[in-house]
Protein chains: 4
Amino acid sequence: MMIVMTPEAGEREIDAVKAKLATTGVHVLVLPGELTTAIGAIGDPEGVRELGLEGMAGVDRVVPISRPYKLASSELAHHEPTAFSVDGRKVGGNETFCLIAGPCTVETREQTLGVARTVRAAGASMLRGGAFKPRTSPFAFKGLGVPALEILAEARAETGLPVVTEFLDTQHADAIAEYADVIQIGARNMQNYALLEVAGKLGKPVLLKRGLSSSLEELLQAADYILKEGNEAVVLCERGIRTFETATRFTLDLGAVPWLKLHTHLPVIVDPSHAAGDRRLVEPLARAAAAVGADGIIVEIAEDPEAALCDGPQQLYASDFTRFAASVTAHAALVGKRLA
Amino acid sequence: MMIVMTPEAGEREIDAVKAKLATTGVHVLVLPGELTTAIGAIGDPEGVRELGLEGMAGVDRVVPISRPYKLASSELAHHEPTAFSVDGRKVGGNETFCLIAGPCTVETREQTLGVARTVRAAGASMLRGGAFKPRTSPFAFKGLGVPALEILAEARAETGLPVVTEFLDTQHADAIAEYADVIQIGARNMQNYALLEVAGKLGKPVLLKRGLSSSLEELLQAADYILKEGNEAVVLCERGIRTFETATRFTLDLGAVPWLKLHTHLPVIVDPSHAAGDRRLVEPLARAAAAVGADGIIVEIAEDPEAALCDGPQQLYASDFTRFAASVTAHAALVGKRLA
Amino acid sequence: MMIVMTPEAGEREIDAVKAKLATTGVHVLVLPGELTTAIGAIGDPEGVRELGLEGMAGVDRVVPISRPYKLASSELAHHEPTAFSVDGRKVGGNETFCLIAGPCTVETREQTLGVARTVRAAGASMLRGGAFKPRTSPFAFKGLGVPALEILAEARAETGLPVVTEFLDTQHADAIAEYADVIQIGARNMQNYALLEVAGKLGKPVLLKRGLSSSLEELLQAADYILKEGNEAVVLCERGIRTFETATRFTLDLGAVPWLKLHTHLPVIVDPSHAAGDRRLVEPLARAAAAVGADGIIVEIAEDPEAALCDGPQQLYASDFTRFAASVTAHAALVGKRLA
Amino acid sequence: MMIVMTPEAGEREIDAVKAKLATTGVHVLVLPGELTTAIGAIGDPEGVRELGLEGMAGVDRVVPISRPYKLASSELAHHEPTAFSVDGRKVGGNETFCLIAGPCTVETREQTLGVARTVRAAGASMLRGGAFKPRTSPFAFKGLGVPALEILAEARAETGLPVVTEFLDTQHADAIAEYADVIQIGARNMQNYALLEVAGKLGKPVLLKRGLSSSLEELLQAADYILKEGNEAVVLCERGIRTFETATRFTLDLGAVPWLKLHTHLPVIVDPSHAAGDRRLVEPLARAAAAVGADGIIVEIAEDPEAALCDGPQQLYASDFTRFAASVTAHAALVGKRLA
């Protein structure tokens, strides 16, 4: 950490900061400047952060030198990209592209099996489907719950596709652990730390969506919550952030993908459906996700989106999915990735 | 809802939308315009929202006419401001100002009792204190848990101050119900719907903080989650939103207070400490909160903020709290409010 | 426009709104609802907007039905994509990809000619270069001015590349009109209406950059300022918006490209350099821009970025530009576009 | 500046940074850390900033130690608050509150004189009124121009109130210099540097509005553009920033006022009208502006807001202005300020 003093700060204030730093055992270096003095504190950034130096007399700002995440860092933890296998599909490692598709919400057995067959036929990697749905309004449909998980299991048995589904509440831990192949943490729960810790302990890969107003550093800190449980199979997912722009539902931050690739060893995928909120934007954004270097995408499809109980306008037509998959796969191929 | 068609939309597209609307039983009115046709759907906005009309051919946009929250609305639910009593302190009703203060986190018995006496001596309304703390980094101090609740209970016994404390995880429901007088839902959990529903059932007033990137309409929808459990004692809290500006930790949205006063019957308080992140800004913002018409504030104080384990720089000095309270109270008095 | 009344509004308030609307000659339709009445005003949205109905008693909100831009609209103005030629390079029309590259700022004759030759050799479409530079700090280098324009003209003479350069102040109109082939309006001037009107009158194509906190509707309204001068050769440019995220300099909004393609007939290009602020992100984002359907990109390159007087870290190495151009062109080819 | 290296950076990269820094003559100090090395560069931050070190091999980030503004700084320039007089009204200095009011736009002589008399009768400090109006749509009313300035001069002659009016285009410099007592720079022009430099030279006080997505540091850098012309009479104005929240037109950032008071010697006022966009929010926000420590406010009033050509819904009723002024003045008095 670097403690920057105000121009008015004198010996007394500088000594007080040094004395406080001394309590943590960090190495202290004073940099006298023309206008302001800066004090470097080397070692144990967490300890220095907790000192609350910003409030001391004569302190202007405390500037972190090291980044706040650890286990997710490609600099501090491991340099090689993390890769793991989900029932034979390789996720991460820069050679594969993971195409995950399925209905927004499991509504009926017929609907889910129908879509699963389409997903399978197009050669996609995994099946997604919501059993428990977080809804902004308490009066909206919230998913079928465990019966939906059973339908997803049936779809997996028939198609061989691993199942990705959202984990919403620690009370559902047993059911999720039993049925899911990949456990999804939704954007609204990215900082629900109790949930992250439980998810990390279930022994399954975790797909962690970025919160809609979470910085990339906070996303990596949230990943640290899962990684510290000994679970190394974590996939990050960019799904759009909240900005002043309302033309699209969220602003898909595709620059996040190459930034994350520089700073973390974890695989990164993109969800273009929720960001767009309009299916006409989903395919261009899915192509862009492949081109920008993502390790995969997760999209919503339906045979009859107009009849869907949730998020219909953003769902791709199942009848068009094979063509869609081929188009995205061609872009992934151009950057050296084949379908997982 | 108002369905706005694109200029190219013809009879066929308009008829398809009308047919779809007909399935919900709403009243349909067509407004032919010079360039575009609009279709009004009157009644059951929730039902129309779920139809997903935005994705239909020829539909440009679906514009809500009614607002998405119900029970929290001063127009739809009840017109008079909600007021309730917490151990003799009146919250809401536009005649009282609720001054809540205390340590960020309960660290020791001595620290908590010392601060509680200061809060009491200044004539404040309630004591706040964290037992369970959500932390961005998994490596930071997370609170003492139940022993902290016991310390708060002791402080209440000695000072007579009701206790406000955060409810973080449904697993802590029994302990929170036993010890808290007011149950706080933190900003990061404003859309943790499982938690909201449990909070609504505990039979205690709930202090609901606005999420750091939640719109005011979403805040009122989150309040609906609590209100629908039959719990009418809900206080909303503006605590700063995330914007591009980084000079202050968050941007305190004081315009939210009069906007909420127009649109909801629920009381509204302000947390200036977390938004500022710097104690030098807390007093001006607390005065402004009183002047803008808030029903109270919640602030953090400490005898030795530099020694606090969490958020020290934003904590007011306990030794200055009596003067601070008098200054804020004078501003509240100017808009007709006395200390609760 | 749709005027939504509050639930409390009665006959009197509704009649007052109708009377006010009657002064503009629009067609008025009343939609009585269960809870609220809405009043449709058909025709002359500009006139209705200027009435300021939001402030009238009983009015809750005024919701636009038609979009606020006109000449830039693909629905109202012309349906076919606009295309025009700049010295033989076709811009717009969905068949070509316009690759514009060059130094951030013209610093010396040698530097500019060197880069121009590289740009030419890679088969790029146009040369960019700044003569007048807007700088946040008044103490920073602001460009060479007219001598820079002369150097750009020399580079054009030698390489045959049309020149794109920024128009910053109406006082420079004559010089810009003399030297530029395409007139760039920078992000900070997107709402400098005096400048837009002058730019529209200079008889040259205009490259209009999106303001860093401008909505897409505002971008199209700014385009209207140019189009209404009779100038149809306008290119829009997405260059990143300001959000809470600071990991990248700005958040490149690639979803804006397909959204604009749906709503305007104007060509759309992307500037990945300024959004990224880091050259390691520029190539992935340039590929993504091609994949998402942009009509081109504009990037900064330098032979020795470390020695550049402005924005060095985001500039691509000239020595790598031919490979870069080939990579981006391959992605453009996949969506059916060849280099302009 | 502090240059933070990546954990992988070795001797070679560190030496290259040191060699580059040596070219600027700054003092260089190396801070070896456990994980990363940081290099302090003391003196000439502008020179170091221009080096573009972020792009060099092994450099992770460049962190500024000193702040980017100079002349506006209360730490670097002068410590005492700047105060100046506008025709006998003292602006700045923490003892006065400057109440500026008037019509949004000068429409007619009668309207303007009528409002001016109301402003005078309420004891306000100055008269505002727009002669040249920036409008988002090219089809909207843009003000009367010079005839409006003449009307304002007549109002000044009758009431003795100094006139505040917006300077929009360098072409109007002579007219503005002749008629205005205080020259307003609007939010959309905060980074129109050509305009700032001309404004600084006109020999009149300048009221500089914060850009709607400008950071506070950028606001102070914009002030530097004016101050460096030798003009010390600059007032800053917070007027709301663009955020994700759309319930209010902009988010009024009242925390900006005490932050600016800590970091600049310039006076700071608040415009609650444009941020709110709804007159029912203007009075609470005006009171809050006084309570938070602003040196004044600028508000829009009209005798018949419903008939105003621009921004009617946010304008206060002239008939209510005396009461409004008394309410705001009472709040200002509580923090030790009397009407200027």
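The paragraphs below set out a description of the structure included in this document.

Each value, and the rule that gives it
- Along every chain, residues carry numbers that run from 1 in the direction the sequence is written.
- Just so you know, chain letters begin at A and ligand numbers begin at 1, following the order they were written in.
- Only residues with pLDDT of at least 70 are given local features in this predicted model, and only at 80 or more are side-chain atom pairs given and counted; all residues enter the totals for whole chains, interfaces and linings.
- Each side-chain value is derived from all of the structure's non-hydrogen atoms; neither hydrogens nor water enter the calculation.
- In this comparison the copies share one frame, found by least squares on the C-alpha atoms of residues holding pLDDT of at least 70 in both.
- By definition in these notes, contact holds between two residues if any of their heavy atoms fall within 4.5 Å.
- Only one rule defines a salt bridge in this text: a Lys or Arg side-chain nitrogen within 4 Å of an Asp or Glu carboxyl oxygen.
- Helix and strand assignments come from DSSP, with helices taken as H or I runs of at least 4 residues and strands as E runs of at least 2, each series counted from the N terminus.
- For each residue, the accessible area found with a 1.4 Å probe, counting protein chains only, is set against the maximum for its type, and the residue is called buried under 20%, exposed over 50%, and partly exposed in between.
- Between any two strands, pairing holds if DSSP finds at least two bridges.
- Orientation is described by lines fitted to C-alpha atoms, with helices fitted over the stretch in contact, and by angles between N-to-C directions that extend from 0 to 180 degrees.
- The quantity reported as buried area is the accessible area (1.4 Å probe) lost by two parts once they are put together, taken as the sum for both.
- Side-chain classes are defined by residue name, with Ala, Val, Leu, Ile, Met, Phe, Trp, Tyr, Cys and Pro counting as nonpolar, Asp, Glu, Lys and Arg as charged, and the others, Gly among them, as polar.
- Aromatic pairs are defined between Phe, Tyr and Trp rings, using the six-membered ring for Trp, whenever the two ring centres lie within 6.5 Å; interplanar angles under 30 degrees are classed as stacked, those over 60 as edge-to-face, and all others as tilted.
- We call a charge positioned above a ring when the Lys NZ or Arg CZ atom is no farther than 6 Å from the ring centre and deviates by at most 35 degrees from the ring normal.

### Thoughts on the relation of the copies chain A and chain B
The two copies are related by a screw motion: chain A maps onto chain B through a turn of 180 degrees and a shift of 0.0 Å along the axis, at an RMSD of 0.0 Å. The superposition operator between the copies reduces to a two-fold rotation axis. Relative to the rotation axis, the closest C-alpha in chain A is found at Ser213(A), a distance of 3.0 Å. Here 100% of the interface residues in chain A have copies in chain B that are interface residues too; the copies meet face to matching face.

### Some thoughts on the pattern of salt bridges
Tallying each qualifying case throughout the model produces 80 salt bridges over all chains. Notably, a salt bridge pairs Arg323(C) with Glu283(C), separated by 2.6 Å at the nearest N-O pair. Within this pair, whereas Arg323(C) is found in helix H11 (residues 321-334), its partner Glu283(C) is found in helix H10 (residues 279-291), the two being separated by 40 residues in sequence. For Arg323(C), a relative accessible area of 43% puts it in the partly exposed group. On the basis of relative accessible area, Glu283(C) is assigned to the buried category, the value being 14%. A single network of salt bridges, built from pairs that share partners, joins Glu197(A), Lys201(A), Lys228(A) and Glu229(A).

### Let's talk about the relation of the copies chain B and chain C
Least-squares fitting of chain B to chain C yields an RMSD of 0.0 Å, with the transformation described by 0.0 Å of translation along the axis and a rotation of 180 degrees. When the interface residues of chain B are mapped onto chain C, 100% of them again lie at the interface, so the same face is used by both copies.

### Focus on the sheet that holds strand S4 (residues 59-63) of chain A
All names here are of chain A. Pairing is antiparallel in the open sheet, where four strands are placed in the order S2-S3-S1-S4. Strands with a single pairing partner mark the edges of an open sheet, and in this sheet they are strand S2 (27-31) and S4. On average, each strand axis in the sheet is inclined to that of its neighbour by 20 degrees, with strand direction left out of account. Its contacts with the sheet put helix H1 (residues 11-22) on strand S1 (2-5), S2, strand S3 (38-42) and S4, and the angle it makes with S1 is roughly 160 degrees.

### Topic: the interface of chain A and chain B
Contact residues are listed per partner, giving 46 residues for chain A and 46 residues for chain B. It is Glu50(A), Phe139(A) and Glu306(A) that lose the most area in chain A upon contact with chain B, and together they represent 16% of the buried surface on that side. Scanning the region where chain A abuts chain B turns up two salt bridges. Arg242(B) is the salt-bridge partner of Glu218(A), the closest N and O atoms lying 2.6 Å from each other. When residues of the side of chain A that touches chain B are traced back to their parent elements, those giving at least two are helix H2 (45-50), helix H6 (193-201) and helix H7 (216-227) of chain A. Per element, the largest residue contribution to the side of chain A that touches chain B is four residues, and it comes from H7(A). Here the residues of the side of chain A that touches chain B sort into 17 nonpolar, 13 polar and 16 charged.

### Description of the packing of aromatic side chains
For the structure shown, the criterion picks out eight aromatic pairs over all chains. Here the aromatic rings of Tyr193(B) and Tyr225(B) are separated by 4.5 Å at their centres, their planes lie at 15 degrees, and the arrangement is stacked. Taken together, the residues span a long stretch of sequence, with Tyr193(B) in helix H6 (residues 193-201) and Tyr225(B) in helix H7 (residues 216-227) at a distance of 32 residues. On the basis of relative accessible area, Tyr193(B) is assigned to the buried category, the value being 8%. Tyr225(B) sits in the buried class, given a relative accessible area of 0%. On the numbers, 5.8 Å between centres and 25 degrees between planes, the contact of Phe321(D) with Phe324(D) is stacked. With Phe321(D) and Phe324(D) both in helix H11 (residues 321-334) and three residues apart, the pair spans about one turn of that helix. An identical accessibility class is assigned to Phe321(D) and Phe324(D); each is buried. Between Arg239(A) and the ring centre of Phe250(A), over which it is positioned, the NZ or CZ distance is 4.4 Å.

### A look at the sheet that holds strand S2 (residues 27-31) of chain D
Residue and element names in this part refer to chain D. Strand order in the open sheet formed by four strands is S2-S3-S1-S4, with antiparallel pairing between adjacent strands. One side of each edge strand has no neighbouring strand; the edge strands of this open sheet are S2 and strand S4 (59-63). Adjacent strand axes in the sheet meet at a mean angle of 20 degrees when their direction is disregarded. As paired strands, strand S1 (residues 2-5) and S4 are joined by four bridges and run antiparallel to one another.

### A closer look at the environment of Asp60(C)
Residue and element names in this part refer to chain C. Among the structural elements, Asp60 can be located in strand S4 (residues 59-63). A relative accessible area of 13% means that Asp60 is categorised as buried. Measuring from C-alpha to C-alpha, the distance between Asp60 and Arg242 comes to 30 Å, with 182 residues separating the pair along the chain.

### Remarks on the interface of chain B and chain C
The interface of chain B with chain C comprises 34 residues on the first partner and 34 residues on the second. The contact between chain B and chain C buries some 2500 Å² in all, and 66% of this surface belongs to carbon and sulfur atoms. Ranking the residues of chain B by area buried against chain C places Leu31(B), Arg61(B) and Ile65(B) at the top, with a combined share of 20%. Across the contact surface, chain B and chain C share zero salt bridges.

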